[in-house]
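Results of the structural survey
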Amino acid sequence: MNTADRRGLLIILSSPSGAGKSTLAKRLMTWDPSLQFSVSATTRPARAGEVDGKDYLFVTEEKFRGWVKDGDMLEHAHVFGNFYGSPKAPVQQAIDAGRDVIFDIDWQGAQQIRNSALGRYTLSIFILPPSIPELRRRLVSRGQDDDETIAKRMQKSWDEISHWDGYDYVLINDDLNVTEERLKTIIMAERLKFHQQPGLSAQVRRLQNEFEDLS
Ligand code: ADP
Ligand code: 5GP
């Protein structure tokens, strides 16, 4: 497919914290390096190992509020006591160039993008954990949060899960490899929808000419 003449997709992954969306997003970008990750801005402090500009743009609340006020955010939300949002310009540039963008955002952000002018280019996928004890185990095994933060994330997880049915697809992330394959299948199928293939009309016209030449 010629990517230059198609509008890129906005591929949204949401889940309760710990269900596996960042891991899956990274695997998808290894699978298809043309996928662009939407680096969110946040007012929360960086965790050990997180790189400013790669994992997040770590900004002050004042700066964040300024971007929202100036209309520079595609969506934004208050999550776990901090602000998070997706800067608009890099997303617009990528999709105008025909590149698909991956978002790791919560249900509020997903809803705002779906209701925006770009809503028709959105593919949204919700990731469920196989069980609540397993969700907790994953948060603990990730080794990034103290007990209090884990308890806070677990408390909030139902709030996130309760929005599962607003998404185009819902996957239970039990076996990581199976979930990854299912995500790839969904993305490939979405890319083959006919409005994602602007070159099709020309192809059909060509077929019609050839058909008419037969008679
Ligand atoms: P999220 O981005 O949704 O908060 P992460 O991608 O950080 O979640 O995953 C949380 C932890 O669970 C990580 O340590 C990750 O390696 C692990 N994990 C993710 N998916 C699975 C899976 N299917 N089976 C077992 N562990 C998983
Ligand atoms: P964390 O602090 O664990 O990185 O992220 C906490 C939550 O905020 C996750 O559910 C994540 O998906 C969500 N999140 C991260 N970036 C954004 C964003 O730009 N917008 C919205 N709405 N949520 C975000």
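Whatever comes next refers back to the structure up there.
Rules behind the numbers
- Residues numbered from 1 in each chain as written.
- Chains lettered and ligands numbered in written order.
- Predicted model: local features only at pLDDT ≥ 70, side-chain atom pairs only at ≥ 80, totals over all residues.
- Heavy atoms only, no water.
- Buried < 20%, exposed > 50% of the residue type's maximum accessible area, 1.4 Å probe, protein only.
- Helix = DSSP H or I, 4+ residues; strand = E, 2+ residues; numbered from the N terminus.
- Pairing = 2+ DSSP bridges.
- Arc of directions from axis to C-beta.
- Contact = heavy atoms within 4.5 Å.
- Axes fitted to C-alpha atoms, helices over the stretch in contact; angles between N-to-C directions.

1. Focus on the pairing of strand 6 (residues 82–87)
In regular strands, side chains alternate between the two faces of the sheet. Burial analysis of strand 6 places six of its six residues in the buried class, the great majority of the element. In strand 6, alternate side chains face the same way, and those of N82, Y84 and S86 on one face and F83, G85 and P87 on the other are all buried. Here strand 3 (residues 40–42) runs beside strand 6; their pairing, made up of two bridges, is antiparallel. Looking at the pairing, T42 lines up with Y84 of strand 6. When strand 5 (residues 73–79) meets strand 6, the two strands line up antiparallel, connected through six bridges. The residue bridging V79 from the neighbouring strand is N82, located in strand 6.

2. Brief notes about helix 1 (residues 21–31)
Within the span of helix 1, buried status applies to K21, L24, A25 and L28. Looking straight down helix 1, one finds its buried side chains confined to an arc of 100 degrees; they lie on one side. Exposed side chains of helix 1 directed beyond 90 degrees from the buried face belong to K26 and T30. As for helix 1, its buried residues are in contact with strand 1 (10–14), strand 7 (101–104), strand 8 (122–128) and helix 7 (176–191).

3. Focus on the sheet that holds strand 8
Pairing in this open sheet of five strands is parallel, and the strands run 2-7-1-8-9 from one edge to the other. Strands at the two margins of the open sheet, each flanked by one partner only, are strand 2 (36–37) and strand 9 (169–172). Relative to strand 9, strand 8 is paired through four bridges, and the arrangement is parallel. Residue pairing across strands places F126 opposite V170, the latter belonging to strand 9. Most of the contacts of helix 4 (residues 107–114) go to strand 1, to which it runs at about 155 degrees, and overall it touches strand 1, strand 7 and strand 8. Strands strand 1, strand 8 and strand 9 of the sheet are contacted by helix 7, whose axis makes an angle of about 165 degrees with strand 9.

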